[in-house]
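Chain residues, written in single-letter form:
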Amino acid sequence: MPVVEPILLEFEKPLAELEQRMDQIRIQAQADGVNVTDQLAQLEGQIIRLRVDLFERLSPYQRLQVARHPQRPSTLDYFQTVTDDWLELRGDRCFGDDLALVGGLARIGDFNVVILGHQKGRDTKDNIKRNFGMPQPEGYRKALRLMQHADRFGLPIISFIDTPGAYPGVQAEERGQGEALARNIREMFHLGVPILCTVIGEGGSGGALAIGVGNRVFMLENAVYSVIAPESCSSILWRDTKHAEEAANALKITARDLKRLGIVDDIIPEPVGGAHRSPIAMAHTLKQTLIHHLKELTSQSPEELRAQRYEKFRRMGAFLEAP
C-alpha cells in the first residue's frame, strides 16, 4: 500500500520542521555510525509535548481548519471501521439517490441499527460527485425514509454530521429544500427509537440539524457546529471574508463552547493532532462511546425517548432566545 503523505495545516509547520530535523539527525547518525538513541528519544518527547500543547490551545478558526482537513475520516470511513457489518440503502423513492448523504443497515457490537450521515469527497472529482457534502432535498428525504424504517422495526438510529450546510442552489429550492429540512426536524421528534448524533467534522446550519435531533448529541474534539460558516458570517457583517477568524471567535463553534452552553451532551476526544493522524484509534473511541449510550438508551420506552428529545430542545430553544 502506498504511504499517503500527510497534509499539514499552516500552524503545524513548525512541528513538521522539528520532525524533519529529527529525521536528518537519524540519517546522519546512521551514516556516521553514531548512537544517538537517547538524544532522538528526548527530541521526540519534546515534539509530542509541543503538539499536545499546540492542539490544546487551538483557536476556534484553527479547529475549523482541522474539522475541514482533507484527510479527516469521513462518514463512509466510520461506516467501515465503527460497524461490524453494514448494507447501504439508496434513493428517496421519489426523485433520485443523493450521494452527499449515505446510509443503510448496520451492526455495532450487539446492536442492529440504521446508520446515516453526510459524505464529502476525498478529491475534486469525488467532491463534485458528492456535491461537497451538501445534500439536496432527495438526500434528506432518503435520510427520513431510513429513519422511518428504523422506527418501524425498532432499530436505533446513528447519524454522523459533516456538512457546510444543505445545498442552497435554485434546483434544490425548486424541489423543496426548506420543506425537506423542516420535515426531518419535525419527524425526528416523533420517532420512538433512540437517536445518537455525532458531529464528526463540520456541522453547518439546518443541513446539520436535519439529521441532528437526537437523544444524545456528541461532537468530536476538533469538530465545529454553527448556524453559519465564519466566512459567510464575515461576508454578511463586514462585506469581506477577511474577518472569518473574528467571526469564528464570536460564533462559539467549538465542542468546548457548545458543551458549556448545553448544546451538545459530550465531547469525544481525538488522537493528538486530530482524527486524521490516527483514524483507527478515533474509530475505536467513537465505537465504544456509541455502544455505551446504546446500552443506556435501548432500555427506555418510546415515550421516554420522545420526551427526552422534546425537553432537550425546549431547553436549548429557551437558552438561545434569552436576551
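Residues numbered from 1 in each chain as written. Predicted model: local features only at pLDDT ≥ 70, side-chain atom pairs only at ≥ 80, totals over all residues. Heavy atoms only, no water.

Novice: Could you give an account of the overall build of the protein, with specific residues and numbers?
Specialist: Scanning the protein from terminus to terminus reveals 14 helices and eight strands. Against the 2.2 N^0.38 benchmark of 20 Å for 323 residues, the protein shows a C-alpha radius of gyration of 21 Å, consistent with a compact globule. Here the protein holds 323 residues, and 50% of them are scored as buried. Within the protein, the 43 negative side-chain charges are centred at a point lying 3 Å from the centre of the 39 positive side-chain charges. (Helix = DSSP H or I, 4+ residues; strand = E, 2+ residues; numbered from the N terminus. Rg over C-alpha atoms; globule rule 2.2 N^0.38 Å. Buried < 20%, exposed > 50% of the residue type's maximum accessible area, 1.4 Å probe, protein only. Lys, Arg positive; Asp, Glu negative; His and termini not counted. Charge placed at Lys NZ, Arg CZ, Asp CG, Glu CD.)

Novice: Lay out helix H3 (residues 60-67) with the relevant residues and their values.
Specialist: Regarding H3, the residues found buried are Pro 60, Arg 63, Leu 64, Val 66 and Ala 67. Taken around the axis of H3, the buried residues stretch over an arc of 160 degrees, which confines them to a single face. Elements in contact with the buried residues of H3: helix H2 (37-56), strand S5 (195-204), strand S7 (224-226), helix H10 (230-238), helix H11 (244-251) and helix H12 (255-260). (Arc of directions from axis to C-beta. Contact = heavy atoms within 4.5 Å.)

Novice: Explain the environment of Arg 309 to me, and be specific about the residues and the numbers.
Specialist: The residue Arg 309 is located in helix H14 (residues 302-321) in this model. Note on Arg 309: relative accessible area 0%, which makes it buried. Arg 309 sits 268 residues away from Ala 41 along the chain, and the two C-alpha atoms are 50 Å apart. Dropping the residues within four chain positions of it, Arg 309 is found in contact with Met 188, Phe 189, His 190, Leu 191, Gly 192, Val 193, Ile 195, Val 213, Gly 214 and Asn 215.

Novice: Now, about unusual backbone geometry: what can you tell me, with residues and values included?
Specialist: Leaving glycine aside, a negative phi is the common case for residues, and trans is the common case for peptide bonds. Positive phi values are uncommon outside glycine, yet Ser 205 reaches one of about 55 degrees. Among the secondary structure elements, Ser 205 is positioned in helix H9 (residues 205-209). Of note in the backbone geometry, Arg 239 takes a positive phi value of approximately 60 degrees without being a glycine. With respect to the helices and strands, Arg 239 occurs in the loop between H10 and H11.

Novice: Just give me the short version of the nonpolar core, but keep the residues and values in it.
Specialist: Ranked by size, the top nonpolar core spans 61 residues in total, and within it Tyr 78, Ile 158, Phe 160 and Leu 290 carry the most contacts. It is helix H13 (residues 279-297) that provides the largest number of residues to this core, a total of seven residues. Every residue in contact with Phe 160, bar those within four places of it in the chain, is listed here: Thr 75, Tyr 78, Phe 79, Ile 115, Leu 116, Gly 117, His 118, Thr 198, Ile 200, Ile 211, Leu 286 and Leu 290. Residues Phe 11, Met 22, Leu 54 and Leu 58 belong to the second largest nonpolar core, which totals 12 residues. (Core = buried A, V, L, I, M, F, W, Y, C linked by side-chain atoms within 4.5 Å.)

Novice: Let's hear about the confidence of the model for the protein: which residues, and what values?
Specialist: A residue-level look at the protein finds 96% of positions with pLDDT of 70 or above and a mean pLDDT of 89. Across residues 319-323, confidence stays below pLDDT 50; counting only partners more than four residues off in sequence or on other chains, it has two contacts. (pLDDT = per-residue confidence, 0-100.)

Novice: Before we move on, can you summarise the environment of Pro 230 with the specific residues and values?
Specialist: Tracing the sequence through the fold places Pro 230 in helix H10. Along the chain, Pro 230 and Lys 295 lie 65 residues apart, while their C-alpha atoms are 37 Å from each other. Here Pro 230 is in contact with Leu 64, Ala 244, Ala 247, Ala 248, Leu 251 and Ile 253, once residues within four sequence places are set aside.

Novice: A description of the side chain of Glu 187 should follow, citing residues and the corresponding values.
Specialist: For Glu 187, the location among the structural elements is in helix H8 (residues 177-190). A polar contact is formed between the side chain of Glu 187 and the side chain of Arg 186, at a distance of 2.9 Å. The residues touching Glu 187, leaving out its near neighbours within four places in the chain, are Leu 144 and Gln 148. (Polar contact = N/O pair within 3.5 Å; in protein donor to acceptor, adjacent residues only side chain to side chain.)

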